[in-house]
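Structural overview
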Amino acid sequence: MKLTRRDFLKKSTALIAALSFGGTLLATEKGRALLTGHAEFKHRVKSPVLVVVQLSGGNDGINTVIPYGAGAYYDTRPTLAYKQNEVLMLNNELGLHPSLPHMQQYYRDGNLAIIQGVGYPKPDRSHFRSMDIWQTAKPDELSDSGWLGRYILSSMPKQPLPAVQIGGLVQKAFIASNINVPSIQSLEQFYAFNPKTPINDKERMTLALKSIYQKQPKREMLGVSAQHALAAFQSVESIQSMVSGYKSQLQYPKSGFASDLQLAAKLIAAKAGTRIYYTNLGGFDDHANERQQHAITLQQLDEGLHAFYTDLKDQGLHHDVVTLVFSEFGRRLKENGSGGTDHGTAAPVLVLGGQVKGGLFGAYPSLTNLDQGDLKYEVDFRSVYYTLIDDWLRGDAKSVLGAAYEKLRFV
C-alpha cells in the first residue's frame, strides 16, 4: 500500500510525541493510537473530585485544536484559519488556539489530555437535543435521568451534599430519583435566613423548620415536597459551614466563569465529601464574527482554568481533582458567509488534573472524508464517561451507562 506524505507525517508525529513525553503508545481495540504521559498514578486519591465544565453553544473544535498541517483546513476557512506562526504548537500537525497558552503549558507538563474527535453515532445538530444526549448519555432514547445522577445513586455513599451545580439551573446530568443537587449562584445569596437575623432567632427558626420537614405527611406528594425542602435546608447549612476554612491570596480573573471556579475551589478545600461540581461557560454559538468572539471565550476558559488549577495546587489539592471540559457539538469544517461556522458534530474534549496522563488520545478526524460536510467522530463520548467513572470516581460505570465502553487511559 502506498504511504502518502500525510500518512507518514501522522505516524511519525505520534511516535515523536510519545518519545518526547516519555509516554507509551498503546493500541486500542479499534486500532487507534493513544498517547499517555505518565506510567502510574502519583498516589491513590481517597476522595476523587470531578469538575465538569460545559461549553454551551457548540465550541468550534477545529479552531480549538487546530490542524495547521492540513491543507484542507486553509482551503475551507479562508478568513478563520490561523497561520502556523499563530498556533500554539502541540506537534508538527496540531496546535492550540492562540488564546490557550496555559493549556499548552499543561499539555507540555503532562497534565492535560486532549481527546480528539469526540461524538456519537447519528449526531444531532440541535443544541437542546445534543446537550440532552451528552447529559443523559442516552443517544438512542429520551431519558429521564442523567449520567451523574445515576452515578451518585449507584456508586456514592450517602451524604448530605454529593454534588453541586454552580451558576444557573441544575443540569439534567444530575437528574435521578431521590437525588437533590443544589444550584449556587454565589455564597452571598445562598442562605436560609437573612444574614442580619439575630443568632437566637436563627436557631429557633432552624429547629421549627426541621421539625416541620422531618415529619412524614400521609400524602405522598407532600412527603416528597418535605423531603426536598429538608434537603435544600441541609445543603445551605453544609455549604455555609464548608467555606469557612478557605484561605487563598490568589487573584482570579474578573469573569463570571472564573468566579464560579473559585467557588468550586472553596468548596473542594472544605473536603466535605462532595464529589461532583458542574459549571458552565457560554458564548460558543459563533455563527458570525467567530474570530473575535471565539478568542474571547477561549481566553476566559484558559485564564479561568489556570487560576483554578493554580489555586488547587497552592492548597495541595490538584492531585485530588480532575476537570472535564466538553461542548454539545463542534462546528462545520467550512466557514459560512458571515465570518462564522454553523452547527457541526465531533469536537475535542479536554481533561485537566494533577493525576491526568497528558497527551493526545484518539485520532484527529479526517478533513476530507466528511459526513455531510461535518467531521466523523473517532471516540464515543461514553468512553470518556466510562473512563472517568471507572478509573477516577471508582464507580459502577457499566451500571451507570448501561454497557461497557472502551477505556482511554487518561487517568
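For the structure given in this document, a descriptive report is provided here.

1. Observations concerning helix α3 (residues 101-109)
- Those residues of α3 lying buried are Met103, Gln104, Tyr106 and Tyr107. Across the axial projection of α3, the buried residues extend over an arc of 165 degrees, all falling on one side.
- Once α3 ends, the next one or two residues include Gly110, with phi positive near 85 degrees.

2. Focus: the pattern of salt bridges
- All chains considered together, the criterion is met by 11 salt bridges.
- Measuring nitrogen to oxygen at the nearest pair gives 2.8 Å for the salt bridge that ties Lys407 to Asp391. Taken together, the residues Lys407 in the segment after α11 (397-401) and Asp391 in helix α10 (residues 381-392) connect sequence positions 16 residues apart.
- The class of Lys407 is partly exposed, set by a relative accessible area of 22%.
- By relative accessible area, which is 16% here, Asp391 ends up buried.
- The partner of Asp391 in a salt bridge is Arg409, and the shortest N-O contact between them spans 3.6 Å. Residue Asp391 is located in helix α10, and its partner Arg409 is located in the segment after α11; the two are separated by 18 residues in the primary sequence.
- You can call Arg409 partly exposed: its relative accessible area is 39%.
- The network of salt bridges with common partners includes Asp390, Asp391, Lys407 and Arg409.

3. Considerations on the packing of helix α8 (residues 256-269) against helix α9 (residues 290-314)
- Where α8 contacts α9, the axes come no closer than 9 Å and their chain directions differ by 20 degrees. It follows from the interaxial angle that α8 and α9 lie roughly parallel. Judged by the sense of rotation from one axis to the other, the crossing of α8 with α9 is right-handed. Touching Phe257, Ala258, Leu261, Ala264, Ala265 and Ile268 of α8 are Gln300, Leu301, Gly304, Leu305, Phe308, Asp311 and Leu312, all from α9.
- Split by residue class, the contact of α8 with α9 holds 10 nonpolar, two polar and one charged.

4. Examining the nonpolar core
- The biggest cluster of nonpolar side chains holds 59 residues, and the ones touching the most others in it are Val51, Ile114, Ile268, Tyr277, Leu301, Leu305 and Phe308.
- Sorting elements by how many residues they give to this core places α8 first, with eight residues.
- Leu50, Met131, Leu408 and Val411 belong to the second-largest nonpolar core, a separate cluster that totals 46 residues.

The rules behind these values
- Residues numbered from 1 in each chain as written.
- Predicted model: local features only at pLDDT ≥ 70, side-chain atom pairs only at ≥ 80, totals over all residues.
- Heavy atoms only, no water.
- Buried < 20%, exposed > 50% of the residue type's maximum accessible area, 1.4 Å probe, protein only.
- Helix = DSSP H or I, 4+ residues; strand = E, 2+ residues; numbered from the N terminus.
- Arc of directions from axis to C-beta.
- Salt bridge = Lys/Arg side-chain N within 4 Å of Asp/Glu carboxyl O.
- Axes fitted to C-alpha atoms, helices over the stretch in contact; angles between N-to-C directions.
- Parallel < 35°, antiparallel > 145°, perpendicular 65-115°, else oblique.
- Left-handed = near helix turned anticlockwise from the far one by under 90°.
- Contact = heavy atoms within 4.5 Å.
- Nonpolar A, V, L, I, M, F, W, Y, C, P; charged D, E, K, R; others polar.
- Core = buried A, V, L, I, M, F, W, Y, C linked by side-chain atoms within 4.5 Å.

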